[in-house]
Number of protein chains: 2
Amino acid sequence: MHRTHTCGELTIKNLGEEVLLSGWVQKSRDLGGTTFIDVRDRYGLTQLVVNTDDEATLRAKVKDLGREFVIKVKGTVLERSNKNPKIPTGEIEIKVSDLEILNEAKLPPFMIEDETDGGDELRMKYRYLDLRRNPVRNNLILRHKMAQEIRKYLDAQDFLEVETPVLIKSTPEGARDFVVPSRMNPGEFYALPQSPQTFKQLLMVSGFDRYFQIVKCFRDEDLRADRQPEFTQIDCEMAFIEQEDVLNIFEGLTRHMFKTVKGLEFENFPRMQYADAMKYYGSDKPDIRFEMKFVELNNVVKGQGFGVFDNAELVVGINATGAASYTRKQIDELTDFVKRPQIGATGLIYMRHNEDGSLKSSVDKFYNEEQLQKWSAAFNTAPGDLVLILTGATDKVRKQLNELRLEMGNRLGLRDKNQFAPLWVVDFPLLEWDEESGRYHAMHHPFTSPKPEDIDLLDSKPGEVRANAYDLVINGTEIGGGSIRIHDKKLQSTMFKHLGFTEEEAQKQFGFLLEAFEYGAPPHGGIAFGFDRLVSIFAGLDSIRDVIAFPKNNSGRDVMIDSPSTIDDKQKKELFIETTVEQ
Amino acid sequence: MHRTHTCGELTIKNLGEEVLLSGWVQKSRDLGGTTFIDVRDRYGLTQLVVNTDDEATLRAKVKDLGREFVIKVKGTVLERSNKNPKIPTGEIEIKVSDLEILNEAKLPPFMIEDETDGGDELRMKYRYLDLRRNPVRNNLILRHKMAQEIRKYLDAQDFLEVETPVLIKSTPEGARDFVVPSRMNPGEFYALPQSPQTFKQLLMVSGFDRYFQIVKCFRDEDLRADRQPEFTQIDCEMAFIEQEDVLNIFEGLTRHMFKTVKGLEFENFPRMQYADAMKYYGSDKPDIRFEMKFVELNNVVKGQGFGVFDNAELVVGINATGAASYTRKQIDELTDFVKRPQIGATGLIYMRHNEDGSLKSSVDKFYNEEQLQKWSAAFNTAPGDLVLILTGATDKVRKQLNELRLEMGNRLGLRDKNQFAPLWVVDFPLLEWDEESGRYHAMHHPFTSPKPEDIDLLDSKPGEVRANAYDLVINGTEIGGGSIRIHDKKLQSTMFKHLGFTEEEAQKQFGFLLEAFEYGAPPHGGIAFGFDRLVSIFAGLDSIRDVIAFPKNNSGRDVMIDSPSTIDDKQKKELFIETTVEQ
């Protein structure tokens, strides 16, 4: 027997009990002959004590203990003289009567503490040691808890979790597929799913009515901080519903999560049209923890002979409330920020609303006090405010101002990670123009249904057709997205045509789905949440990497197990493949 | 709005209510001008009625309805004159006031009924239609429920579900890996996990203490009825435990499942040593729904001049209670059965214990009544019993007699699918001799710990070393298996040596695990259940295929989506691979 209790369990109620504990040596310190050892497991930390009057063999063993040794101790629960109110076991300690070293440990390459001295790369290589640290483990405990709550909620709402296959079929649309050569079908490949989209729609055709799955998906894309080649989705679909039903059920799910996991209650989530999100925030995923909405100034500023404004398609700005005290240097920093190549603005124009009530802009040459009063009115400024203005082509300048708005949000401390601002963005366009291929692409995917009232525009103004599509955004991060699907074969064929598929191509790729639609497809729709992102938002993290037990680095490598790796020729031969690079 | 109620919900309590229902037309029949339509969804079936006094437009629509059309109806709940007590909605019907055809349906290629006329292949191709059938859908509902209950139980026992990666590293040991070429790491491959074995052990090193996961695993093996290239495991691991703890926790899980899902209560599961399982059942997964234990006869039958017995390493038989009335033809069938190439016995010897008390054997030439009395005593026969005896080399004849025992179990109706007989098989050998490679293989896997008292035999008699390994067997099917792992680096190295790994090979394949063991590995062990098999046993099915939503056929193909398939040259080029067969 290794333990009677965990290291997080014993309190003053257990005084006098003889107990067995097992765990890792967090630290050991000698104070004038008395040794205090902190022993740690997943559940907590307990203080052990060995005195000068203990047996010599016990004292010798204690002397040998290094950090992260695995030990088993027998002892009696005593009240501590020097209590630690910060931990649940802080009122007691264990007077050790026997100690066994279950396993020794080399000195870890970094400190197993909440704040560690290990760099990213080292911690990735020794991920199993990094996972011993409380913050990392707590992220995964949070993840577990969230997954349990999601299942509990959806089960109660009659959703069935159905496992869809991992070895499926490659489709040239969308991101790159990971593929798997088939040994039994020479020259052919499976693909790993980018999402179970077609399978969940087939389940609706099958009458499953309400489906969900917490499921691994795969995209062979170039990686960034918040992207991993394998990631986890909460994938859901419902039949006989309308958009409103989907929003209600999954707003309910999100509220359930906030309540059970974070103890937070929410009013109805606000909803914003895609067009408004772009107009007022320059983004389809506005961070509405703070206001600072875009104000368009074309009507206010044009025609005063200032070419930068007069020639711009759009003049648009934000009121950075309370930032009028920004120094010249701070404003130069902002100018540098918007001029960075990844943002690409040509300059930044500003107006201060000084504490004394006066208005001062960087373009006073062109605009006098009276005219600036109009600016002030447009932005509804008060003394102490700073207005920041960008100009340019509409789509571009909105994106730029979105970046500046978020930067100002950060600088002004308006993006508190412990505050959560969920938002539905609705009425997405059905199609978006792709310059490269010179044709329209589906903004969500080819199965998204247009709004019935917009179907007539499909031929005349395809770019203006709105979709029954929606995203859930929290704190400026897209957490989930979905749509009502097309369930009519004819409309689906029309969509494929608009997306530039020939009938043959559509048949080859989605033939089985189109055929399924001929056997009685119900109206249906759904949503998919990025589970990694949802957990990372709940954990207050910027990257999804720390909510994944064994993540890959930016080259898609697992540096701990050193994967991917070469395989032997026999394996390749069996799979009917050769590699085109020298090993 | 598509419905106010589901098709399984309305009862006599709803009389007079105006309701909306949506679903599929199960059937429609006209009885003297009155049309009765059964509308179906996942939740049930409701009868609709349209009379001759209804509007002509409604009657016309009803006339057009075909099987599997998707409809929405408005109507009033009425009491039925002709009640159907077999279904929950059987006391009511809906007097239709309005009907909308949401989608038409072609005539399905087979009947959507509990008993269908569709062959296997057709049903696989139109799996989405097969999934509409109650028995198939019910299997998946059972699967969902079981997964929920597993998670509930393990969560309550402090297990954390941790997702381990799907893109991992290929290891030449074990079954064949599916591999995934890496675009970012030219010439290198990921492998899909055959199990998360090493990751779960790393999680124990990380102090996760109790881990589980319901997880997809992959084996590129030749397929049989109960094998699929992708399958689902309930994968579990615990630290600071001994074998007894693992057995208790997972016996608890299994009882929880039986209780919550099947309403069945169980006493403690019996336990059987591997050696006894082989001796008395000729199998490491005995079906103990029925007795019919092996009786070894060497001491009883040898030395009477009957060469078949005298020259055999083992003479062993079973008592097929109550089968003495078997005709000559039936016994010939059994002889043919054991002589089939896949079983390979040379013949079958029998003895009848006739109803009149006389004994009659097929070798009466060599054995007289007095000697047969000894047989009878050995088998404890009674009038009406039939003893069946096989001879040969010990291992071989045991396997053959196992097949015969199961066959007799079937013939005598002793293998009721609604009866469940769980059993722990324990004390497996650590190693098994592999003729082909001329060396020992790990019977479970290389991380399985030998029994401490047997470690000394590792050098002298490796074949006799027992492992801390165990299997859970239900009704003769292995449902799960596991072991206590080695947590000591030195012992692990010794094991690798015995398994014929050079130090370099061990390092290359498992270096990260060996290294992890140097940083404080706790004692740990675990188990993995085959989830598909567990569900199929609970569902009373022989094959796992019917508890998988979208299974593959025996060539590893998904005939519904026609996968695997060829991929284009651009894709291959990006992945640095070529195929070695003409497309």
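What you see is a predicted model, and the numbers here were worked out from it, not measured in a lab. (Residues numbered from 1 in each chain as written. Chains lettered and ligands numbered in written order. Predicted model: local features only at pLDDT ≥ 70, side-chain atom pairs only at ≥ 80, totals over all residues. Heavy atoms only, no water.)

### Things to note about the UniProt feature "binding site: L-aspartate" (unreviewed entry) in chain A
All names here are of chain A. UniProt marks E173, R219, H444 and R485 with the feature "binding site: L-aspartate" (unreviewed entry), using the numbering shown here. Relative to the assigned elements, R219 resides in the loop between β9 (210-218) and β10 (230-239). On the accessibility criterion, R219 (28% relative accessible area) is partly exposed. Those residues within four positions of R219 in sequence are excluded, and the remaining contacts are A175, R176, F178, Q194, P229, F231 and Q233. One can find R485 in the loop between β21 (477-484) and α14 (489-498). Given a relative accessible area of 3%, R485 falls into the buried group. Discounting residues that sit within four places of it in the chain, R485 has contacts with Q197, K200, Q201, C236, E237, H445, F447, S449, H524, G525, G526 and I527. A distance of 2.7 Å separates polar atoms of two side chains, one belonging to R485 and the other to E237. (UniProt positions renumbered as here; feature names shortened; annotations may be inferred. Helix = DSSP H or I, 4+ residues; strand = E, 2+ residues; numbered from the N terminus. Buried < 20%, exposed > 50% of the residue type's maximum accessible area, 1.4 Å probe, protein only. Contact = heavy atoms within 4.5 Å. Polar contact = N/O pair within 3.5 Å; in protein donor to acceptor, adjacent residues only side chain to side chain.)

### Considering helix α14 (residues 489-498) of chain B
Residue and element names in this part refer to chain B. Within α14, the full set of buried residues consists of L491, Q492, M495, F496 and H498. Buried positions in α14, seen along its axis, are confined to an arc of 160° and lie on one side of it. α14 presents K490 and K497 as exposed residues on the side facing more than 90 degrees away from its buried surface. Within two residues after α14, G500 carries a phi angle of roughly 85°, on the positive side. (Arc of directions from axis to C-beta.)

### Quick look at the pairing of strand β1 (residues 18-31) of chain B
All names here are of chain B. Relative to strand β4 (residues 70-79), β1 runs antiparallel, the two sharing seven bridges. Across the sheet, the residue bridging to W24 is V70, located in β4. In this structure, β1 lies alongside strand β2 (residues 34-41), joined through seven bridges in antiparallel fashion. By the bridge assignment, S28 is partnered in β2 with I37. (Pairing = 2+ DSSP bridges.)

### Section: the domain arrangement of chain A
You can read the domains of chain A as domain 1 (12-103), domain 2 (137-271 + 423-547) and domain 3 (290-415). Taking only C-alpha atoms, the centre of domain 1 of chain A and the centre of domain 2 of chain A are 52 Å apart. (Domains from an automatic or database assignment.)

### Regarding the relation of the copies chain A and chain B
Two copies of the chain are present, and they differ by a rotation about an axis and a shift along that axis. In screw terms, the move from chain A to chain B is a rotation of 180° and a rise of 0.0 Å along the axis, fitting with an RMSD of 0.1 Å. What the superposition gives is, in effect, a two-fold axis relating one chain to the other. Mapped onto chain B, 100% of the interface residues of chain A are again interface residues, and the two copies thus contact each other with one and the same surface. (Least-squares fit on C-alpha atoms with pLDDT ≥ 70 in both.)

### What to know about empty space enclosed by the protein
If a probe the size of a water molecule is rolled over the atoms, the empty space left behind becomes visible. All told, the structure shown has seven cavities of 30 Å³ or more when counted by the stated rule. The calculated volume of the largest cavity comes to roughly 480 Å³. Elements with a contribution of two residues or more to the lining of the largest cavity: α4 (134-156) and β9 of chain A together with α4 (134-156) and β9 (210-218) of chain B. (1 Å grid on protein atoms, 1.4 Å probe; cavity = no way out; pocket = protein on both sides within 12 Å on 5 of 7 lines; lining within 4 Å. Points joined across faces, edges and corners; volume = space filled by probe spheres on them.)

### A look at the packing of helix α5 (residues 197-205) of chain B against helix α15 (residues 503-516) of chain B
Packed helix pairs are characterised by how far apart their axes lie and by the angle those axes make with each other. Residues and elements named next belong to chain B. At a minimum axis separation of 10 Å, α5 and α15 run at an interaxial angle of 15°. The pairing of α5 with α15 is recorded here as roughly parallel in orientation. Crossing of α5 against α15: the hand is left-handed. Here T198, Q201, L202 and V205 of α5 come into contact with α15, specifically with F510, F512, L513 and A516. Here the residues of the contact of α5 with α15 are counted per class, giving six nonpolar, two polar and no charged. (Axes fitted to C-alpha atoms, helices over the stretch in contact; angles between N-to-C directions. Parallel < 35°, antiparallel > 145°, perpendicular 65-115°, else oblique. Left-handed = near helix turned anticlockwise from the far one by under 90°. Nonpolar A, V, L, I, M, F, W, Y, C, P; charged D, E, K, R; others polar.)

### As for the packing of aromatic side chains
As enumerated under the stated definition, the model contains 54 aromatic pairs over all chains in all. When the centroid spacing of 6.2 Å and the interplanar angle of 85° are considered together, the rings of Y190 of chain A and F178 of chain B count as edge-to-face. In this pair, Y190 of chain A is assigned in strand β8 (residues 189-191) and F178 of chain B in the loop between β6 (160-161) and β7 (179-181), connecting two distinct chains. Neither residue differs from the other here; Y190 of chain A and F178 of chain B are each classed as buried. Through successive ring pairs, a cluster of aromatic residues spans F258, F266, F269, F420 and F538 of chain A. The positively charged end of K293 of chain A is found above the aromatic ring belonging to Y280 of chain A, 4.8 Å away from the centroid. Taking the ring centre of F290 of chain B as reference, the NZ or CZ of R405 of chain B above it sits at 3.9 Å. (Phe/Tyr/Trp six-rings, centres within 6.5 Å; stacked < 30°, edge-to-face > 60°. Lys NZ or Arg CZ within 6 Å of the ring centre and 35° of its normal.)

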